[in-house]
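Residue-level listing of the chains:
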Amino acid sequence: LVAHAYCKLFRWDFAGMLLLLDNAEALLRNPACIVPESKFQRLLGDIDAQRGFHLFWQGDAEGSLQHALRALNVVPKDHHYTRSLAVIYAAASLAIVGRRDEALHLMEDALTETYVAGSRNVGPFLTTQAVIHYYEGNFNAVKKSAERMLTIHESVPLPDYWRGYAHYFLGSVAYERNLVDTAADHFRCAEQLRYRMMTRSYHDVLIGLSLVAWARGEVDVAKEYAVSARNFAVEMKDPYSLKISDSFETRLAILSGEVLVKPEAYSPT
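Residues numbered from 1 in each chain as written. Predicted model: local features only at pLDDT ≥ 70, side-chain atom pairs only at ≥ 80, totals over all residues. Heavy atoms only, no water.

Re the packing of helix α1 (residues 2-10) against helix α5 (residues 80-96)
The criterion, for reference: Inter-axis angles, ranging from 0 to 180 degrees, are taken between N-to-C directions of lines fitted to C-alpha atoms, where helices are fitted over the stretch in contact. Starting at the N terminus, helices and strands are each numbered in turn, a helix being any DSSP run of H or I of at least four residues and a strand any DSSP run of E of at least two. Angles below 35 degrees are treated as roughly parallel, those above 145 as roughly antiparallel, those between 65 and 115 as roughly perpendicular, and all remaining angles as oblique. Each crossing is labelled by how the near helix is turned from the far one, with a counterclockwise turn of less than a right angle marking it left-handed and a clockwise turn marking it right-handed. Whether two residues are in contact is decided by their heavy atoms: any pair within 4.5 Å suffices. Gly counts as polar in this scheme, as do all residues outside two lists: the nonpolar Ala, Val, Leu, Ile, Met, Phe, Trp, Tyr, Cys and Pro, and the charged Asp, Glu, Lys and Arg.
Contact geometry of α1 with α5 gives a least axis separation of 14 Å together with a crossing angle of 55°. In this view, α1 runs oblique relative to α5, as classed from their interaxial angle. Like other packed secondary-structure pairs, α1 and α5 cross with a definite hand, here left-handed. Residues Y6, L9 and F10 of α1 touch α5, and the partners they reach there are Y81, T82 and L85. For the contact of α1 with α5, the class distribution of residues is five nonpolar, one polar and no charged.

Focus on helix α3 (residues 37-57)
The α-helix advances 3.6 residues per turn, and as a result positions three or four apart in sequence lie on the same side. For clarity, the cut-off: An expected span of 1.5 Å times one less than the residue number is assigned to each helix.
For α3, which comprises 21 residues, the first-to-last C-alpha distance of 31 Å matches the rise-based estimate of 30 Å (1.5 Å per residue) to within 8%. At the C-terminal side of α3, G59 shows a positive phi close to 90°.

Focus on the packing of aromatic side chains
Two measures describe an aromatic ring pair: the distance that separates the ring centres and the angle between the ring planes. Cut-off, in case you're wondering: To pair, rings of Phe, Tyr and Trp, with the six-membered ring standing in for Trp, must have centres within 6.5 Å; the planes then decide the type, stacked if under 30 degrees apart, edge-to-face if over 60, and tilted in the middle.
Enumeration over the complete set of coordinates arrives at 20 aromatic pairs. Linked through ring pairs, W12, F14, F53, F56, W57, Y89 and Y240 together constitute an aromatic cluster.

As for the pattern of salt bridges
The following threshold applies: Here a salt bridge means any side-chain nitrogen of Lys or Arg lying within 4 Å of a carboxyl oxygen belonging to Asp or Glu. For every residue, the accessible area (1.4 Å probe, protein chains only) is compared with the maximum for its type, and the residue is labelled buried under 20%, exposed over 50%, or partly exposed between those bounds.
Per the stated rule, a full pass over the model turns up 16 salt bridges. As a salt-bridge pair, E113 and K77 come within 3.8 Å of each other at their nearest N and O atoms. One end of the pair, E113, is in helix α6 (residues 100-116); the other, K77, is in the loop between α4 (61-74) and α5, and 36 residues separate them in sequence. The class for E113 is partly exposed, based on a relative accessible area of 40%. Judged by relative accessible area, which is 53%, K77 ranks as exposed. Residue K143 pairs with E147 through a salt bridge whose shortest N-O separation is 2.6 Å. In this pair, K143 and E147 both sit in helix α8 (residues 139-155), four residues apart, roughly one turn of the helix. One network of salt bridges, in which partners are shared, links D22, E25, R29 and R51.

A short note on the packing of α5 against helix α7 (residues 122-136)
With their axes 10 Å apart at the nearest point, α5 and α7 run at an angle of 10° to one another. In terms of their interaxial angle, α5 and α7 are classed as roughly parallel. Contacts between α5 and α7 involve S84, V87, I88, A91, A92, A95 and I96 from the first element and P124, F125, T128, I132 and Y135 from the second.

Dropping the structure here:
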């Protein structure tokens with residue numbers, strides 16, 4: 001059940017993973033279930049790490065932080081993926097609840113530790129660091145983290161997965177600064193990694209390319225990228241990205257004048 005929940009997590013199927021996690025925890029806590037204490041704690045650590053992920057994306061940063069910290073107390077350091085998941089969502093939740101300095105300190109400690117251990121998790125930790133800076137609107141720091149990731153990628157055999165993140169962040173920073181040509185270059189670099197990036201990130205890259213096209217006045221191209229984003233979400237069976245596509249297509253329709261927005265929709269009452 002815990003392993004199956006990870007499969008749901010990778011597809012951003014929140015409802016599916018929550019049901020599996022609830023069932024797994026109910027079984028573990030059933031007195032009739034005889035499990036060695038060490039295995040019991042490790043499995044609860046997996047469940048807490050995944051609940052931290054789930055609650056963060058439901059907007060419950062306090063709940064996410066509670067579960068992520070609980071996971072860090074029991075997940076062994078050699079359980080690299082689960083531990084990195086807990087570190088990432090503990091840091092992201094700290095940033096969301098206004099404890100940004102603690103979040104960045106946690107990430108620096110994690111980066112130092114992973115360098116000593118052979119840089120296994122440098123990609124996800126630098127990505128999280130960039131995200132925390134992005135929350136703050138500190139684009140110089142976002143750019144620095146992303147460029148650091150690309151530099152490390154040249155010397156450490158990191159998966160292209162994280163190189164895609166670096167280009168995504170550099171493209172996003174350039175777009176926010178109205179450097180649309182630079183943004184397009186980075187988004188296109190990430191676009192080449194279609195099945196080598198996280199589903200959600202690749203979906204956002206396609207939306208980024210749509211926004212760049214719109215900024216250039218290329219309305220038809222912008223709509224084509226929006227369709228590509230939806231088709232990719234459908235292909236990957238990613239319900240969360242489909243919701244993002246719904247919202248983005250509505251945005252394009254409003255910008256195009258294809259949807260009449262009634263003034264009363266914005267009434268304080």
